[in-house]
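# An overview of the molecular structure
The primary structure of each chain is shown beneath.
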Amino acid sequence: MQTAQQHAQALLQYIDASPSPWHAVHTSEKMLNNKGFIELLEGDAWSLKQSGRYYVKRDDSSIIAFTTGTNDLAQEGFRLIGAHTDSPGLRVKPKPDQQQNGINRLGVEVYGGPILATFTDRDLSLAGRIHIEQNGSFISKLVRFKKPFLRLPNLAIHMNSKVNTDGLKLNKQTELPLLLSVDHKQTSLADLLATELSIDATAIIAWELHAYDTQAGALYGLNDEFYANSQLDNLASCHAGLSALLSDQSLNSQQFNVCAFFDHEEIGSNSHKGADGSFLPDVLERISSSLNLSAESYKRTLSNSFMISADMAHAYQPNFPNAYEPDHKVFVNQGPVIKVNANIRYASNSASQARFIQLCDQSNVPYQQYSHRTDIGCGSTIGPMTSAQLGIQTVDVGCPMWAMHSIRESAGVIDHDYMTRVFTQFFS
Ligand SMILES: [Zn+2]
């Protein structure tokens with residue numbers, strides 16, 4: 001049995017190996033392959049067997065992994081854990097090379113809602129995927145520069161004297177390009193990619209590249225009770241779900257356990273591989289038809305299914321007491337958070353909360369309940385849209401964390417272990 005700190009270290013390694021959504025899926029895929037999961041292609045015909053282990057990817061940054069048990073599927077339903085693979089940040093534009101006064105910069109676009117100020121003065125690099133032409137067809141390649149060659153330097157306080165009172169404001173068009181080099185001959189990104197991948201620059205057709213922080217994850221706190229890294233929202237939930245799916249309890253169970261991790265949550269999920277798209281309905285329906293269930297049995301299956309939508313929650317930060325609903329503060333290292341919102345920004349209802357609380361009790365894990373301040377807008381998750389699309393009873397939960405959407409987020413070591421234990425109970 002792993003200790004909570006070992007489990008948190010495993011999470012940090014998972015995140016360090018996953019600097020972009022494409023890498024997160026690739027890292028997950030390696031863990032699945034190690035446990036004998038078989039890849040299914042959406043373009044192939046499927047013939048699934050009972051007691052099987054499978055996964056499907058859509059466009060390499062969303063993935064659904066599942067086990068087929070021996071239970072009566074229509075009667076027992078699927079047990080699902082949903083999360084997302086993407087994090088907000090900076091994405092490289094299609095024509096990014098900029099040169100002015102002998103300084104080369106890279107043009108970027110804002111993806112989702114990052115805390116932009118936290119991207120300044122960090123040792124940044126690039127990761128993602130590119131498409132290249134090879135023998136008349138196009139292939140996709142993962143790319144990750146290890147070297148921290150990019151930076152967004154702050155303006156000195158002498159030129160921005162109100163920064164500590166007014167906050168750091170960055171113009172998204174003019175003040176975000178990343179500094180690359182000082183060199184009178186222009187360094188093009190295509191050339192850098194070509195060198196990195198040992199290919200010809202003319203073969204590069206297009207890219208999707210994400211600026212990532214090269215600093216590795218770390219435990220901190222007097223007793224190493226906290227951990228910090230980029231992308232905790234929401235790779236921590238992916239890792240907890242995957243750890244549960246790959247546990248002996250889950251692999252030996254007779255249930256149909258499903259982990260569904262989607263790209264594009266941070267920009268609204270409305271894409272062909274997002275949680276509001278057809279990926280999950282398509283896969284569940286194909287599992288059902290491949291096992292010869294009738295159309296009616298498939299609808300029975302959905303009705304008997306349950307989904308845990310896992311995304312991070314806002315832990316109380318004592319320096320900012322007024323940001324929180326005073327009666328619903330949730331604390332780091334005090335257990336998974338059940339998120340509730342009357343306007344269904346979170347999918348939880350009393351029935352789904354009761355089921356999750358029962359799972360916590362069964363696994364000897366404490367839980368907390370969160371409600372956002374009524375006078376400020378509440379975020380959302382993939383929970384409400386997947387449950388609306390499929391009609392599946394859903395609860396929204398997450399580990400409490402600080403600084404959501406900072407490039408360096410942090411959370412509690414024990415909470416990750418708690419959450420994994422509850423998920424494992426669900427899949428057992
Ligand atoms: Zn999230």
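Anyway, here's the lowdown on the structure attached to this text.

Here is what the cut-offs are and how they apply
Residues numbered from 1 in each chain as written. Predicted model: local features only at pLDDT ≥ 70, side-chain atom pairs only at ≥ 80, totals over all residues. Heavy atoms only, no water. Donors = N, O, S within 2.8 Å, 3.2 Å for Na, K, Ca; no water. Tetrahedral: all angles 85-135°; square planar, octahedral: opposite > 155°, others 65-115°. Helix = DSSP H or I, 4+ residues; strand = E, 2+ residues; numbered from the N terminus. Buried < 20%, exposed > 50% of the residue type's maximum accessible area, 1.4 Å probe, protein only. Core = buried A, V, L, I, M, F, W, Y, C linked by side-chain atoms within 4.5 Å. Contact = heavy atoms within 4.5 Å. Expected span 1.5 Å × (residues − 1). Arc of directions from axis to C-beta. Polar contact = N/O pair within 3.5 Å; in protein donor to acceptor, adjacent residues only side chain to side chain. 1 Å grid on protein atoms, 1.4 Å probe; cavity = no way out; pocket = protein on both sides within 12 Å on 5 of 7 lines; lining within 4 Å. Points joined across faces, edges and corners; volume = space filled by probe spheres on them. Nonpolar A, V, L, I, M, F, W, Y, C, P; charged D, E, K, R; others polar. Axes fitted to C-alpha atoms, helices over the stretch in contact; angles between N-to-C directions. Parallel < 35°, antiparallel > 145°, perpendicular 65-115°, else oblique. Left-handed = near helix turned anticlockwise from the far one by under 90°. Pairing = 2+ DSSP bridges. Salt bridge = Lys/Arg side-chain N within 4 Å of Asp/Glu carboxyl O.

### Focus: the coordination of the zinc ion
In an ideal tetrahedron of four donors about a metal, each angle is 109.5 degrees. In an ideal octahedron of six donors, the angles are 90 or 180 degrees. Every protein donor of the zinc ion is accounted for by His-84 (NE2), Asp-233 (OD), Asp-311 (OD) and Asp-311 (OD), and the metal-donor separations fall at 1.9 to 2.6 Å. Taken together, the 4 donor atoms surrounding the zinc ion define angles of 53 to 140° at the centre, an arrangement classified as irregular. Linear spacing of the donor residues for the zinc ion on their chain is H-x148-D-x77-D. Taken together, the residues His-84 in strand β4 (residues 78-84) and Asp-233 in helix α6 (residues 232-245) connect sequence positions 149 residues apart. The residues His-84 and Asp-233 share a single accessibility class, namely buried.

### Quick look at the nonpolar core
Leu-32, Tyr-227, Ile-308, Met-312, Phe-356 and Phe-423 are the most contacted members of the largest nonpolar core, which has 52 residues in total. Element by element, the count of residues in this core is highest for α6, at 8 residues. When neighbours within four sequence positions are excluded, Leu-32 is seen to be in contact with Phe-37, Tyr-55, Ile-63, Ala-65, Leu-242, Leu-245 and Leu-246.

### Observations concerning helix α1 (residues 4-16)
The terminal C-alpha atoms of α1 lie 18 Å apart, and with 13 residues this matches the ideal 18 Å at 1.5 Å per residue to within 8%. For α1, the set of buried residues is Ala-4, His-7, Ala-8, Leu-11, Leu-12, Tyr-14 and Ile-15. Considered in projection along α1, the buried side chains sweep an arc of 160° and stay on one side of the axis. Each element contacted by the buried residues of α1 is listed here: α2 (21-34), β11 (218-220), β12 (226-229), α6 and α12 (413-426).

### With respect to the side chain of Ser-243
Position of Ser-243 relative to the elements: it lies in helix α6. Residue Ser-243 is classed as buried on the basis of its relative accessible area, which comes to 18%. Of note is the side chain of Ser-243, whose polar atom sits 2.7 Å from the backbone oxygen of His-239. Not counting the four nearest positions on each side in its chain, Ser-243 is found in contact with His-7 and Thr-420.

### Things to note about empty space enclosed by the protein
Applying the stated criterion to the full structure yields 2 cavities of 30 Å³ or more. As a volume, the largest cavity reaches approximately 120 Å³. Lining the largest cavity are 15 residues, with Ser-87, Pro-88, Ser-230, Gln-231 and Ile-407 sitting closest to its centre. At 4 residues, strand β10 (residues 204-213) tops the list of elements feeding residues into the lining of the largest cavity. Residue composition of the lining of the largest cavity, by class: 6 nonpolar, 7 polar and 2 charged. Roughly 40 Å³ of internal volume is contained in the second largest cavity.

### Some remarks on the packing of α1 against α6
The contact between α1 and α6 brings their axes to 10 Å, and the two run at 120°. Here α1 lies oblique to α6, going by the angle between them. Seen along the crossing, α1 lies across α6 with a hand that is right-handed. Residues His-7, Ala-10, Leu-11, Tyr-14 and Ile-15 of α1 form the contact with α6, whose own contacting residues are Leu-232, Leu-235, Ala-236, Cys-238, His-239, Leu-242 and Ser-243. Split by residue class, the contact of α1 with α6 holds 9 nonpolar, 3 polar and no charged.

### Focus: the pairing of strand β18 (residues 393-398)
For β18, a buried count of 5 out of 6 residues is recorded, marking the element as mostly surrounded by other parts of the structure. Taken together, the 2 bridges between strand β16 (residues 337-339) and β18 define a ladder with antiparallel strand orientation. Bridging across to β18, Val-337 finds its partner in Gly-398.

### A short note on the sheet that holds strand β2 (residues 52-58)
Judged by pairing direction, the sheet is mixed, and its 9 strands sit side by side in the order β1-β2-β3-β13-β4-β14-β18-β16-β17 without closing on themselves. In this open sheet, the two strands that pair with only one neighbour each are β1 (38-40) and β17 (368-370). Strand-to-strand twist of the sheet, defined as the mean angle between neighbouring strand axes without regard to direction, takes the value 25°. With 7 bridges joining them, β2 and strand β3 (residues 62-68) adopt antiparallel strand pairing. Counterpart to Tyr-54 in the pairing with β3 is Phe-66. Where helix α10 (residues 350-362) meets the sheet, it contacts β4, β14 (306-310), β16, β17 and β18, and its direction lies at approximately 55° from that of β18.

### Examining the pattern of salt bridges
According to the stated counting rule, one finds 13 salt bridges in the structure shown. Lys-57 is the partner of Asp-60 in a salt bridge, and the nearest nitrogen-oxygen pair spans 3.5 Å. In this structure Asp-60 comes out as partly exposed when scored by relative accessible area, which is 29%. For Arg-373, the salt bridge identified is with Asp-375, shortest N-O distance 2.8 Å. When its relative accessible area of 23% is taken as the criterion, Arg-373 is described as partly exposed. Given a relative accessible area of 54%, Asp-375 falls into the exposed group. Taken together, the shared-partner salt bridges connect Asp-59, Arg-129, Glu-208, Asp-263 and Lys-273 into one network.

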